[in-house]
Amino acid sequence: MAEIYQRHSPTALAAYHDLVALLMDEAVSEIRGTPTMRKRGGRQYWYDRYRVGAEIKERYLGEDTDALRLRLNDHKRLEEQRDARRKERTRLVRLLRSERFAGMDGATGSLIAALARAGTFRLGGVLVGTNAFRVYEGELGLRLTLDQAAMTNDINIASFEKLSLALGEEVLPSINTVLADFEFDPVPSLHTGQIWRWRQSKSQTLVEFLTPSFDEKEDLRELAALGVSAQSLHYLNYLIADSIHSAAVYRDGILVQVPSPERFAIHKLIIADRRIGGPESLKARKDRLQAELLIAVLAEDRPSELVEAYEDAMERGPRWSERLVRSLEKSPQTKNLLMKASGAR
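Since this is a predicted model, take the numbers as computed values, not measurements.

Thresholds, definitions, all that
- Residues numbered from 1 in each chain as written.
- Predicted model: local features only at pLDDT ≥ 70, side-chain atom pairs only at ≥ 80, totals over all residues.
- Heavy atoms only, no water.
- Helix = DSSP H or I, 4+ residues; strand = E, 2+ residues; numbered from the N terminus.
- Polar contact = N/O pair within 3.5 Å; in protein donor to acceptor, adjacent residues only side chain to side chain.
- Contact = heavy atoms within 4.5 Å.
- Buried < 20%, exposed > 50% of the residue type's maximum accessible area, 1.4 Å probe, protein only.
- Pairing = 2+ DSSP bridges.
- Phe/Tyr/Trp six-rings, centres within 6.5 Å; stacked < 30°, edge-to-face > 60°.
- Lys NZ or Arg CZ within 6 Å of the ring centre and 35° of its normal.
- Axes fitted to C-alpha atoms, helices over the stretch in contact; angles between N-to-C directions.

Turning next to the side chain of Thr-108. With respect to the element layout, Thr-108 can be found in helix H5 (residues 106–118). Side-chain polar atoms of Thr-108 contact the side chain of Asp-105, separated by 2.9 Å. If we ignore the near neighbours within four places in the chain, the residues touching Thr-108 are Asn-131 and Ile-155.

As structure tokens, then:
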């Protein structure tokens, strides 16, 4: 099945991961005060605590990790190197373009960059859907074909409701302001005052906000940090748990969050079986094609992570396992790869 994908060069792969590291350095270099840890809901989060006049403010930096702590300890030096780092990011993006990275088109890239500057991804937003899939070009070193890289008009951003409430900060400027600057209009919902999607009239591009549903209902919920409503969906909690930092290849790079590729692949198999148009609909077939491509790569490069993601989903209950089994019956080569990876552990 290896013939369904091609690789970027080792040079391109190294350049991409250097770009991600530099973008993560940049995020820490903006600290104005003292890094301070806060415990919320059994997890630990870092904030930049600084004074504005007589008022103490806190800016969310991220969940506690070894990598973040190392950067926080070094934030003074990182601040001094900002100009050099920006030039290096520009060079790396230029290199990636020369290696035929698809990257983001101007319209999508400029919008994602504006959302990132407002704090959307810093405050828990996770890019999902086809735009996230295209980011795996760098994460996995994939050279995507025209069909594989085909875009939809949708930009989907997901976040956890409880995390969004716990952070105690909001995007600035507001999501509505950012989208209005790009000529997006709110799409009215059945619930007055709850807006979760915006449409751009000149392109019909749709921006949607999503959040996991942990009960039977798939209703609208509030994402406090992002200042928007969101459509809750089953199975989404699995997708965006343990999301990763990645780089959107546009200008000098944009730091975003996307699902881990193994969870993205398994989740695609699940939702292919629950598409409104049925498992043979165009969207369901596209879901399976993306899953097949990622699983082919992951079975070779990251078999343990792939199997863990698969077993995690299979153990979440009969609805989960039934949907996975039905999708895999339609993708026998992918099923064989998963079984082979499971047996090799």
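Two faces, one strand: in a regular strand the side chains alternate between the faces of the sheet. Of all five residues in strand E14 (residues 254–258), four are buried, a share of seventy percent or more. Pairing analysis gives five bridges linking strand E13 (residues 244–248) to E14, with the strands arranged antiparallel. In the strand pairing of E14, Ser-246 is matched with Val-256. As consecutive antiparallel partners, E13 and E14 are separated by five residues, and within that stretch Arg-251 has a phi angle of approximately 50 degrees, a positive value.

All right, on to the packing of aromatic side chains then. One pass over the structure, following the stated rule, counts seven aromatic pairs. When the centroid spacing of 6.3 Å and the interplanar angle of 25 degrees are considered together, the rings of Phe-133 and Phe-264 count as stacked. Remark: Phe-264 occurs in helix H10 (residues 261–272) and Phe-133 occurs in helix H6 (residues 130–139); sequence separation between them is 131 residues. Just above the ring of Tyr-238 sits the side chain of Arg-263; from NZ or CZ to the centre is 4.7 Å. Arg-316 extends its terminal NZ or CZ atom over the ring of Trp-320, reaching a point 5.3 Å from the ring centre.

Moving on: the sheet that holds strand E4 (residues 55–63). If you walk across this open sheet you meet the three strands as E2-E3-E4, and the pairing is antiparallel. Here the strands that pair on one side only, and so sit at the sheet edges, are strand E2 (34–40) and E4. With direction set aside, neighbouring strand axes in the sheet form an average angle of 35 degrees. Pairing between E2 and strand E3 (residues 43–52): seven bridges, direction antiparallel. Counted as the bridge partner of Thr-36 is Tyr-47 from E3.

Everything listed here is a matter of geometry and, on its own, says nothing about what the molecule does.
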